[in-house]
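Next come the chains, spelled out residue by residue.
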Amino acid sequence: MAVVKLPHKARPNKRFSVPGPVMLQHPETFDNFFWFVAERHRIHCLRIAGRNPPWTEDEILAEYAFTNVFRVFDRVTQYILCNVVGKGDEGLDDAVFRVLLFRTFNRIETWELLEAELGTLTWREFDVDKYEEILVEAADQGPLYGSVYIIPAPDLGWGRNYANHLRLIKLMMDQGLPGKLQKFEYLRDAHGYLCLYPGVGNFTGFQYLLDLNMLPYYNWDEHLWAALGPGSKSGIQKMFGPSVRGQEDAALEFLHDSLPSHFARLGIVADNIPRLCDGRPPGLSMVDLEHSLCEYDKYCRARFPLAKGGARTHLRNKFNPNPNKPTAELPAKWTSVQKALTLSKPPAVKLKNGEPYYEVSHIVAEKERCNATARRYLVRWMGWGPEDDVWMSENDLVDAPSLLRNWNKLKEGIEKGVAELRAKVPKPLTNLARRRRDSSSRAI
């Protein structure tokens, strides 16, 4: 058993608190978020019901495009659920392969091109060279990647982004990623591991996992954690004011835990509170809160232009609704309430010089500040959940060397695979070799 002293002021179950809304720097901006999600979801429900426009009297929501409150109802996610998850071999490896492949390019046209050229896309028949040949030609005709966000390509040595991405997918699958992800009880843990792969950042890893969570093989509770992106952080800053900077994760937990009280305080009745489906209670998961905060950041640019957050100040995309009725499919397992894991949350194991020491379970993730010497590790405490994880330095973990050994072993396996891939990159021809090749071509 390894026990570690918590850093100063950090304790399990320590919670974020804010003053009442009347004491916030911008109380109107704070309160309006709850009206925003209620009205945005009402628009979605009216469209699903086949009602004709106008769907809202809110001029901003009527004029500009905003994604749905629930990520699963967005157009591309619906496509993934119906055409990527819902079609093809249902085995674990093939299902995960298809999800990784689609979300990497995040473009329906690229997926349909590959299907048209290769038929049913399967992991068993995945041939990097064949895929690359198709994408080389397609890249000259138009974009291969979706425009909503760009997924950075890993530096594996190949010249084109898609060549590196295809090899990253192969590396993940070769290393048994589908089965390894099944061993993680929490979304946060799976995210920390997935982000060890090159090119998989905080946002990219989060999107991969949310799509994978629609498969029957994974059942991570989306009410416990979400990875905040720049947009959702900006939305939080506009709600709480600049003093919340650096505490956005805790503020997200606060919003999630206090949602019912804010809806009630503002007179938003239960029928108007966003609800995923009839089998679920009203309200938003941490994942859907993060998703909505990003959209609220955009909404505030028009409604509350003086609210401080991210650098962007204007809305660009106009709302041009598809004439076809939107779909609202859900994974079958999502139609009922998910049973929460039971946590023992034990007290400190011992006290030393008045400081509490807790038993540590494992490292969940790592991050670097400026260089490797400033690397920090997210630590899980035995019997506690991800909401009580704490970032610690290597010096903080001197009493638990096995944690670092186990974590570094995970990293080394990935790094070995990356090194083997880079070793296979064709070396550029020398001038002599190039002349010989050209001479041979002329002779033919």
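Residues numbered from 1 in each chain as written. Predicted model: local features only at pLDDT ≥ 70, side-chain atom pairs only at ≥ 80, totals over all residues. Heavy atoms only, no water.

- Looking at an unreviewed UniProt entry, the protein chain carries the name Chromo domain-containing protein, with the source organism given as Somion occarium.

## Digging into the overall build of the protein chain
Stage number 1. Helix and strand counts for the protein chain come out as 15 helices and 5 strands.
Stage number 2. Here the C-alpha radius of gyration of the protein chain, 24 Å, is about what a compact globule of 444 residues would show, namely 22 Å.
Stage number 3. Considered along the principal axes of its C-alpha atoms, the protein chain spans approximately 85 × 70 × 40 Å.
Stage number 4. Counting only residues that meet the buried cut, the protein chain has 49% of its 444 residues in that class.
Stage number 5. Sequence separation of 24 or more characterises 70% of the internal contacts of the protein chain that already satisfy a separation of 6 or more. (Helix = DSSP H or I, 4+ residues; strand = E, 2+ residues; numbered from the N terminus. Rg over C-alpha atoms; globule rule 2.2 N^0.38 Å. Buried < 20%, exposed > 50% of the residue type's maximum accessible area, 1.4 Å probe, protein only. Contact = heavy atoms within 4.5 Å.)

## Here's the deal with the nonpolar core
Stage number 1. Ranked by internal contacts, the top residues of the largest apolar core, which has 124 residues, are Phe-34, Leu-101 and Tyr-197.
Stage number 2. Ranked by residue count, the leading element in this core is helix H4 (residues 92-105), at 9 residues.
Stage number 3. Apart from the residues within four sequence positions on either side, Phe-34 is in contact with Met-239, Leu-255, Leu-259, His-262, Phe-263, Leu-266 and Ile-268. (Core = buried A, V, L, I, M, F, W, Y, C linked by side-chain atoms within 4.5 Å.)

## Comments concerning helix H11 (residues 230-240)
Stage number 1. Of all 11 residues that make up H11, 9 are buried, and the element is covered over most of its length.
Stage number 2. Among all positions of H11, only Gly-231, Ser-232, Ser-234, Gly-235, Ile-236, Gln-237, Lys-238, Met-239 and Phe-240 are buried.
Stage number 3. On the buried face of H11, the contacting elements are helix H1 (27-48), helix H12 (248-265) and helix H13 (286-303).
Stage number 4. Gly-241 sits one or two residues past H11 and shows a positive phi near 100°.

## Overview of the pattern of salt bridges
Stage number 1. This structure, assessed with the given rule, holds 19 salt bridges.
Stage number 2. Notably, a salt bridge pairs Asp-89 with Arg-124, separated by 3.1 Å at the nearest N-O pair. One end of the pair, Asp-89, is in the loop between helix H3 (75-85) and H4; the other, Arg-124, is in the loop between helix H5 (108-118) and helix H6 (128-139), with 35 residues separating them in the sequence.
Stage number 3. What makes Arg-124 exposed here is its relative accessible area of 58%.
Stage number 4. Between Glu-295 and Lys-298 there is a salt bridge, with the nearest N and O atoms lying 2.9 Å from each other. On the criterion of helical spacing, the pair formed by Glu-295 and Lys-298 is a turn pair, its members being 3 residues apart in helix H13. (Salt bridge = Lys/Arg side-chain N within 4 Å of Asp/Glu carboxyl O.)

## Describing the side chain of Asp-189
Stage number 1. Tracing the chain through its elements places Asp-189 in helix H9 (residues 187-194).
Stage number 2. Once residues within four sequence positions are removed from consideration, Asp-189 is found in contact with Phe-184, His-362, Val-364 and Arg-380.

## A few points about the packing of H12 against H13
The description of two helices packed together rests on the angle between their axes and the distance between the axes.
Stage number 1. Interaxial distance between H12 and H13 falls to 10 Å at its minimum, and their mutual angle equals 115°. Considered as vectors, H12 and H13 are oriented roughly perpendicular to each other. Remark: the crossing between H12 and H13 carries right-handed chirality. Contacts between H12 and H13 involve Leu-252, Glu-253, Leu-255, His-256 and Leu-259 from the first element and Met-286, Leu-289, Glu-290 and Leu-293 from the second.
Stage number 2. The residue inventory of the contact of H12 with H13, partitioned by class, reads 6 nonpolar, 1 polar and 2 charged. (Axes fitted to C-alpha atoms, helices over the stretch in contact; angles between N-to-C directions. Parallel < 35°, antiparallel > 145°, perpendicular 65-115°, else oblique. Left-handed = near helix turned anticlockwise from the far one by under 90°. Nonpolar A, V, L, I, M, F, W, Y, C, P; charged D, E, K, R; others polar.)

## Considering empty space enclosed by the protein
Stage number 1. Within the structure shown, the criterion is met by 1 cavity of 30 Å³ or more.
Stage number 2. There is about 70 Å³ of room inside the largest cavity.
Stage number 3. What lines the largest cavity is simply Arg-71, Val-72, Thr-77, Leu-210, Met-214, Glu-222, Leu-276, Val-287, Asp-288 and Trp-334. (1 Å grid on protein atoms, 1.4 Å probe; cavity = no way out; pocket = protein on both sides within 12 Å on 5 of 7 lines; lining within 4 Å. Points joined across faces, edges and corners; volume = space filled by probe spheres on them.)

## Some words on the packing of aromatic side chains
Stage number 1. Scanning the model with the defined rule gives 26 aromatic pairs in all.
Stage number 2. Judged by centre distance (5.4 Å) and plane angle (80°), the ring pair of Phe-33 and Phe-34 falls under edge-to-face.
Stage number 3. Judged by relative accessible area, Phe-33 falls into the buried class, the value being 0%.
Stage number 4. Owing to a relative accessible area of 0%, Phe-34 belongs among the buried residues under this scheme.
Stage number 5. An angle of 80° between the planes, with centres 4.7 Å apart, marks the rings of Phe-126 and Tyr-131 as edge-to-face.
Stage number 6. Taken together, the ring pairs in this structure connect Phe-30, Phe-33, Phe-34, Phe-36, Phe-66, Phe-240, Phe-254, Phe-263, Tyr-296 and Tyr-299 into an aromatic cluster.
Stage number 7. Across the ring face of Tyr-357, the terminal group of Lys-350 is positioned such that the distance to the ring centre comes to 5.3 Å. (Phe/Tyr/Trp six-rings, centres within 6.5 Å; stacked < 30°, edge-to-face > 60°. Lys NZ or Arg CZ within 6 Å of the ring centre and 35° of its normal.)

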